[in-house]
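# Per-entry structural report
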Amino acid sequence: MRTPSVPLRCLLAWSLLLSSLASARAAEPSAVEYLTPRSVAAVTVRPAAMAGVEALRHLPVEIADAALQKHLGLPLAAIQRLTVVAEPPAGIAPQYAVVLSASQPIDLNRLDPKLVEHTTPSELEGRPFLESQVQFAPSLCLLNDQTLAAGSKAFIKRLIKRDEAAEPSKLARAMQAKGGEANHLHAAVMLDPLKPLIQLGLAQAMQEVPPEAHKYFQAIDLIQGAVLTADLTFERDSSLTVYANNASDGARLQGLIQQGIAEIRLKGFDENPDYQKLAASSDPVAQATARYMDRIYQHQVTTLSPRREGDKAFVLGEIAAGEGPDAQMQIAIIGILVALLLPAVQAAREAARRNQSLNNVKQILLAFHNHHDVNSAFPAQAICADDGTPLLSWRVAILPFIAEDELYQKFNLDEPWDSPNNLPLIAEMPLMYLDPSSPSLEEAAGKTHYLGVVGPDAVFTGGPEGIAFRQISDGTSKTLMLVQVDDDHAVEWTKPQDYDAVANAANPVGGIGSFHPGVFLAGFADGHSSAISIDTAVEVLNAFMTRNGREAIDSPY
């Protein structure tokens, strides 16, 4: 089952192209209206306020305008504010909303049918609601005549029910700081709720950077949040500011920043062999060139030097109102500073996804063990007909052991997975069967990334009967039961199809792929899960896929 992808995914990008067209000057909504108590990050842009901005004259606004009219029935100039808000993920499910505020009424009937083909019309708290029927695809809700929200259903529901009289959150105050409502672009993030997630990524990143850089990873514990502001007319200040937790952490953060700048100065220039050669030359032109390089570099370092505001705030990059010649360079510098944060963020996301996937494997293994406790055997690879024909996957058989009894009762167990009754149930796949690192979660709806290891000497023999612990003579901690595969090898979760150990014997990893850099995830018969290097020797992997081969090998993890 496929979901609409291009229209909604491109909505933010189109809106960020920002129009130079004239627009109505109606009262604009506040981005703070769309924050929930759990919100940790928000970005808002004001396309209509940017009419005539010189810096945007080369953007393809005609294309953006035509695309928005085609998909939303709105001209680009009518978009007063676009706000993206996010909460910490609930498991692997993203919690977010993209809120579009217009200067004219929004008609749901004018939306591109491809944009809403995955939804069913209903109401949410009395408001028109298009509820998504596809996992992870957004639902859409008309908050009022001129405001459309797209995002996760739970988030939108909290957004509608939010208490307007409640004390403003830290994120709300950050979104109002530094003229937030008037800025062309304003973004804020509160790190405290995200620090456990970020720390996972930093632990991974620390293995990939020199030890002398490890001290700078302490900075994440000292920072409460960050605010980015931008005014493209340069009539207002633009800046990237980080806020320490308190005055003491502010002092420590300042020390780290100063130490970092000193190291940039030393390692980035003074130790540069080309500079040293010029400076040591007897040629006056070469010496003058070295002085010039030093002067320019000193200016760059000064530009990177943060300005402290009070006890807790540090302005990492700034373009003061009215600045002209250096504005473009400073914008680039701010962009570079933001980009420097991305590797840690990406590493954090990967670590969190891998840990969630490992947890999925553990939960499936626990269900195997509970099945064994009840039935004195692991589940067979398939629920079979009387003549031995495979009908449904073991993933259906263990539903009662993963708290999915209601779903289990919907299956006709004496019919194949693609029967008229069973086929629609593919769309109800439990989240446990989905690897969160899939780059195409929406398109892969109903397909699982967790396959049993099948072979005549494996735990799953392919026969109609499951095996017992006593039949695993190689030891349960050395016998693979489950492997995590990528999208190319994923299968419909109800289909009795798994990883064929014999067919993949020549190249075991070739039948798995990799979502996670350098490793694939696997589950063992004793109930533990592990990340295994894709460089593990073929004979080792093949040995661990048999339960009774008696191979003398070392652990691959």
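In this text, all values refer to a predicted model and were calculated from it rather than measured experimentally. Per-chain numbering applies: the sequence of each chain, read as written, is numbered from 1 onward. Totals for whole chains, interfaces and linings use all residues, but because this is a predicted model, local features are given only for residues with pLDDT of at least 70 and pairs of side-chain atoms are given and counted only at 80 or more. Note that water and hydrogens are dropped before the side-chain values are worked out from all heavy atoms of the structure.

## Considerations on the packing of aromatic side chains
The criterion for an aromatic pair is that two Phe, Tyr or Trp rings (for Trp, the six-membered ring) have centres within 6.5 Å, with stacked assigned to planes under 30 degrees apart, edge-to-face to planes over 60 apart and tilted to the rest. Going through the model one piece at a time under the given rule, you end up with seven aromatic pairs. Between W394 and F460 the ring centres are 5.8 Å apart and the planes differ by 15°, which places this aromatic pair in the stacked class. A residue pair is termed long-range when its members are at least 10 positions apart, and W394 in helix 12 (residues 394-397) and F460 in the loop between strand 16 (450-454) and strand 17 (480-484) qualify at 66 residues. With respect to class, W394 is no different from F460; both count as buried. Ring geometry for F411 versus W493: centroids 5.8 Å apart, planes at 85°, classification edge-to-face. Counting from the N terminus, the helices are DSSP H or I runs at least four residues long and the strands are E runs at least two residues long. Between buried and exposed lies partly exposed: a residue is buried under 20% and exposed over 50% of the maximum accessible area for its type, with that area taken using a 1.4 Å probe on protein chains only.

## A short note on the confidence of the model for the protein
Residue-level confidence of the predictor is summarised by pLDDT, bounded by 0 at the bottom and 100 at the top. In this model, the protein carries a mean pLDDT of 80, and residues with pLDDT of at least 70 account for 79%. Per-element mean pLDDT across the protein ranges from 37 in helix 1 (residues 6-16) up to 96 in helix 12. The criterion used for residue contact is that any of the two residues' heavy atoms lie within 4.5 Å. Segment residues 1-27 is flagged for pLDDT under 50; beyond a separation of four residues in sequence, or across chains, it makes 74 contacts in the model.

## Brief notes about the side chain of D435
Tracing the backbone through its elements, the reader meets D435 in the loop between helix 13 (405-409) and strand 15 (447-448). When its relative accessible area of 0% is taken as the criterion, D435 is described as buried. Two N or O atoms count as a polar contact when they lie within 3.5 Å, although within protein this holds only if one can serve as hydrogen donor and the other as acceptor, and sequence-adjacent residues are included solely when both atoms are side-chain atoms. Within the structure, the side chain of D435 is placed 2.7 Å from the side chain of S357, a separation counted as a polar contact.

## A closer look at the nonpolar core
I364, F368, L399, F411, Y433, M481 and W493 are the most contacted members of the largest nonpolar core, which totals 35 residues. Going through the elements one at a time, helix 11 (327-375), strand 14 (390-393), helix 12, strand 16 and strand 17 are the ones with two or more residues in this core. A per-element tally of this core places helix 11 first, with five residues. Here M481 is in contact with L365, F368, F378, L451, G452, V453, V459, F460, G523, F524 and A525, once residues within four sequence places are set aside. Definition used in this section: a nonpolar core is a set of buried Ala, Val, Leu, Ile, Met, Phe, Trp, Tyr and Cys residues joined via side-chain atoms within 4.5 Å. Y34, V85, F155 and A172 belong to the second-largest nonpolar core, a separate cluster that totals 24 residues.

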